[in-house]
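# Examining the three-dimensional arrangement
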Amino acid sequence: VGLRMEFDIDICRVFGISSKDDGPPSVVCVTDDVLSHSRWGQGMRDVLDKMGERSRRAQGLGKAVTYGRGVVLGGNRIYLLAAKHTALGLLKVGPKKLFVARKADEGLVEIHPFCVLDFYVVEGHQRGGFGSHLFRAMLSREGTSAGKLAYDRPSPKLMGFLRK
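These numbers were taken from a predicted model, which means no experiment stands behind them. (Residues numbered from 1 in each chain as written. Predicted model: local features only at pLDDT ≥ 70, side-chain atom pairs only at ≥ 80, totals over all residues. Heavy atoms only, no water.)

Right, let's get into helix α4 (residues 130-142). Here α4 spans 18 Å end to end across 13 residues, near enough to the 18 Å set by a 1.5 Å rise per residue. For α4, the complete set of buried residues consists of G131, L134, F135, A137, M138, L139 and E142. (Helix = DSSP H or I, 4+ residues; strand = E, 2+ residues; numbered from the N terminus. Expected span 1.5 Å × (residues − 1). Buried < 20%, exposed > 50% of the residue type's maximum accessible area, 1.4 Å probe, protein only.)

In structure tokens form, the structure reads like this:
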């Protein structure tokens, strides 16, 4: 049994999607407009704070990569997998400054690739196809493929997922 991530806010309704708690989950894309909305912005920021904290703990990170308080997404987008009041996963993507070695004798070069910044599926819902559904929906909406994305310090779990 997974530790359900249930919230007071109907996540799907915020995005105009009719959903049932026991129905198939939907993928929604969180934007700055949603987070600044007077009616549901605070509720969505709370969702991001709690999901980001769970992701941080699951990955053993010192601080969360995804959060909602005081957030301005800028060029980043956060995809949520949700069914009504329940969040099942999150995927944060956007440009990131990385340094790579072009050739051994040239040193490091700064690049700004489109990256997977945070990826988390709630415990108890992993290995059920939810991560794949979320990832494929993001790829479709972004018009890209997994091979064209950058992955900064990918976790062993993410590497295993990408091999599939």
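Now that the structure has been shown, we can carry on.
A separate point is the pairing of strand β4 (residues 86-95). Buried residues dominate β4, accounting for nine of its 10 residues. Relative to β4, strand β1 (residues 5-6) is paired through two bridges, and the arrangement is antiparallel. When the sheet's bridge partners are listed, E6 is paired in β4 with T86. Note that strand β3 (residues 77-83) and β4 share seven bridges and pair antiparallel. Looking at the pairing, R77 lines up with V93 of β4. A loop of two residues connects β3 with β4, the two strands running antiparallel in sequence, and K84 in this loop sits at a positive phi of about 55°. Both β4 and strand β7 (residues 114-121) contribute to a ladder of seven bridges, which runs antiparallel. Pairing of L90 across the sheet is with Y120, part of β7. (Pairing = 2+ DSSP bridges.)

A few words on the packing of aromatic side chains. One pass over the full model with this rule turns up one aromatic pair. Note on F119 and F135: the rings are 5.6 Å apart at their centroids and 50° apart in plane angle, and the pair reads as tilted. Here F119, found in strand β7, pairs with F135, found in helix α4; they are 16 residues apart in sequence, far enough to count as distant. Judged by relative accessible area, F135 falls into the buried class, the value being 5%. Here the basic side chain of K92 rests over the ring of Y67, its NZ or CZ set 5.6 Å away from the ring centre. (Phe/Tyr/Trp six-rings, centres within 6.5 Å; stacked < 30°, edge-to-face > 60°. Lys NZ or Arg CZ within 6 Å of the ring centre and 35° of its normal.)

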